[in-house]
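Observations on the three-dimensional arrangement
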Amino acid sequence: MLTLAKARKIADTALRHARAKNFKPLSIVVLDARAQRKVVLTEDNTSIKRAEVAYSKANGALAMGAGSRALGKMAGERPAFIQAAMHIADGALVPVPGGVLIRNKGVVVGAVGISGDTSDNDEAAAIVGIEAAGFTADPGAA
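Residue positions within a chain follow its written sequence, with the count starting from 1. Two thresholds apply to this predicted model, a pLDDT of at least 70 for residue-level local features and 80 or more for giving and counting side-chain atom pairs, whereas whole-chain, interface and lining totals are computed over all residues. As a rule here, side-chain values come from all non-hydrogen atoms in the structure, and water together with hydrogens is ignored.

Some words on the overall build of the protein chain
The test is simple: Secondary structure elements are taken from DSSP: a helix is a run of H or I of four residues or more, a strand is a run of E of two residues or more, and numbering for both begins at the N terminus. Values of the radius of gyration come from C-alpha atoms, whereas the globule rule sets the reference at 2.2 Å times the count of residues to the power 0.38. Each residue's exposure class comes from its accessible area (1.4 Å probe, protein chains only) as a fraction of the maximum for that residue type: buried when under 20%, exposed when over 50%, partly exposed otherwise. The contact criterion used is simple: two residues touch if any of their non-hydrogen atoms lie within 4.5 Å. Note that accessible areas follow from Shrake-Rupley with a 1.4 Å probe, and for residues the cover is restricted to the protein chains shown. His residues and chain termini do not enter the charge count, which takes Lys and Arg as positive and Asp and Glu as negative. For this purpose, a charge sits on NZ of Lys, CZ of Arg, CG of Asp or CD of Glu.
On a plain count of helices and strands, the protein chain comes out with five helices and five strands. Listed N to C, the secondary structure of the protein chain is α-β-β-α-α-α-β-β-α-β in terms of helices and strands. Computed over the C-alpha atoms, the radius of gyration of the protein chain is 13 Å, within 12% of the 14 Å expected from 2.2 N^0.38 for a compact globule of 142 residues. Considering only C-alpha atoms, the protein chain reaches an extent of 40 × 35 × 25 Å along its principal axes. Within the protein chain, buried positions represent 47% of all 142 residues. Here the contacts in the protein chain between residues at least 6 apart in sequence split such that 64% fall between residues at least 24 apart. As displayed, the protein chain offers around 6900 Å² of accessible surface, 54% of which is attributable to carbon and sulfur atoms. Taking the average location of the 18 positive side-chain charges in the protein chain and that of its 13 negative ones, the two points are 4 Å from each other.

Below, the structure is given as C-alpha cells:
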C-alpha cells in the first residue's frame, strides 16, 4: 500500500536528488493505484502546466500498466494506438520518460510523474524517490 508518508518520502527524495544535480525546477506528482493524487509538489519558477504534465505521465503509466518510457516506444511503433489511448484518458497520458510505476512485490501500488527537466532526468529523480521509499521502480523497458 502506498501511504501518504511513503508518497511524501518519494516526492521529497526525488526533489532532493533534483536539487543535488541542479535540475531545472520540477513538478512531482505521486498517485496511488487508483490514480488519486497523494502528493503534488511544484517548485518555484516551473512553467504553468508542469504539474499537469507530471500528472499525465503518472496517470498514463497507470492507465496502460507500463512506465511512460515504454509508452514512448509504443507511440513510435503504434502511433494510432497511443493517440486513441490519450483520447480515452482525456489527454492525461504523456508518452515520454518521467512516468514511473511504483511496485511492491510485483504489484502496482501507484505511479510517480515528474516534469520540468529532460525526460531522462525526470525519470531518474522518480526512480531515486521510489527506491528510497522501499519500492521497486518500473519506468518501462528502455
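Having seen the model, we can carry on.
Here's the deal with the sheet that holds strand β1 (residues 27-32)
The line we're drawing: Each pair of strands is called paired provided DSSP finds at least two bridges between the two strands. Each axis is a line fitted through C-alpha atoms, and for a helix only the stretch in contact is used; angles between axes span 0 to 180 degrees, taken between their N-to-C directions.
Pairing within the open sheet is antiparallel, and its five strands lie in the order β2-β1-β4-β3-β5. This sheet does not close on itself; its edge strands, each paired only once, are β2 (37-42) and β5 (136-138). Taking each pair of neighbouring strands and ignoring which way they run, the sheet shows an average axis angle of 20°. As judged from the six bridges shared by β1 and strand β4 (residues 107-115), these two strands associate in the antiparallel manner. Looking at the pairing, Asp32 lines up with Gly110 of β4.

What about the environment of Asp44?
Here Asp44 is to be found in the loop between β2 and α2 (50-64). Note on Asp44: relative accessible area 66%, which makes it exposed. The sequence separation of Asp44 and Gly72 amounts to 28 residues, and the corresponding C-alpha distance is 28 Å.

Quick notes on the side chain of Ser115
Selection rule: By the criterion applied in these results, polar contacts are pairs of N or O atoms within 3.5 Å in which, for protein atoms, one can donate a hydrogen and the other can accept it, and in which residues neighboring in sequence qualify only through two side-chain atoms.
Take Ser115: it is sitting in strand β4. Of the polar contacts made by the side chain of Ser115, one reaches the side chain of Arg50; its length is 2.9 Å.

So, the nonpolar core
Heads up, the condition is: Definition of nonpolar core: a set of buried residues of the types Ala, Val, Leu, Ile, Met, Phe, Trp, Tyr and Cys, connected through side-chain atoms within 4.5 Å.
Within the largest apolar cluster, 22 residues are counted, with the highest numbers of intra-cluster contacts made by Ile10, Val30, Ile102 and Val112. Ranked by residues supplied to this core, first place goes to helix α1 (residues 4-20) with five residues. Grouped together as the second largest cluster of nonpolar side chains are 11 residues, Val29, Ala58, Leu62 and Leu101 included.

Looking at helix α3 (residues 68-77)
The condition is simple: As used here, the arc belongs to the directions running from the helix axis to the C-beta atoms.
For α3, every residue scored as buried is listed here: Ser68, Ala70, Leu71 and Met74. The buried residues of α3 occupy one face: seen down the axis, they fall within an arc of 145°. Exposed side of α3, more than 90 degrees from the buried face: Gly76 and Glu77 are the residues found there. On its buried face, α3 sits against α2, α4 (79-88) and β3 (99-104).

With respect to the packing of aromatic side chains
The criterion, for reference: Only Phe, Tyr and Trp rings are paired, with Trp represented by its six-membered ring, and only when their centres lie within 6.5 Å; those with planes under 30 degrees apart are stacked, over 60 edge-to-face, the remainder tilted. Here, over-ring charges are defined by two tests on the NZ atom of lysine or the CZ atom of arginine: distance to the ring centre within 6 Å, and angle to the ring normal within 35 degrees.
In total, this model carries zero aromatic pairs according to the counting rule given. One residue, Arg37, lies across the ring of Tyr55, its end atom 4.1 Å from the ring centre. Positioned above the aromatic ring of Phe81 is the side chain of Arg78, whose terminal nitrogen or guanidinium carbon lies 4.7 Å from the ring centre.

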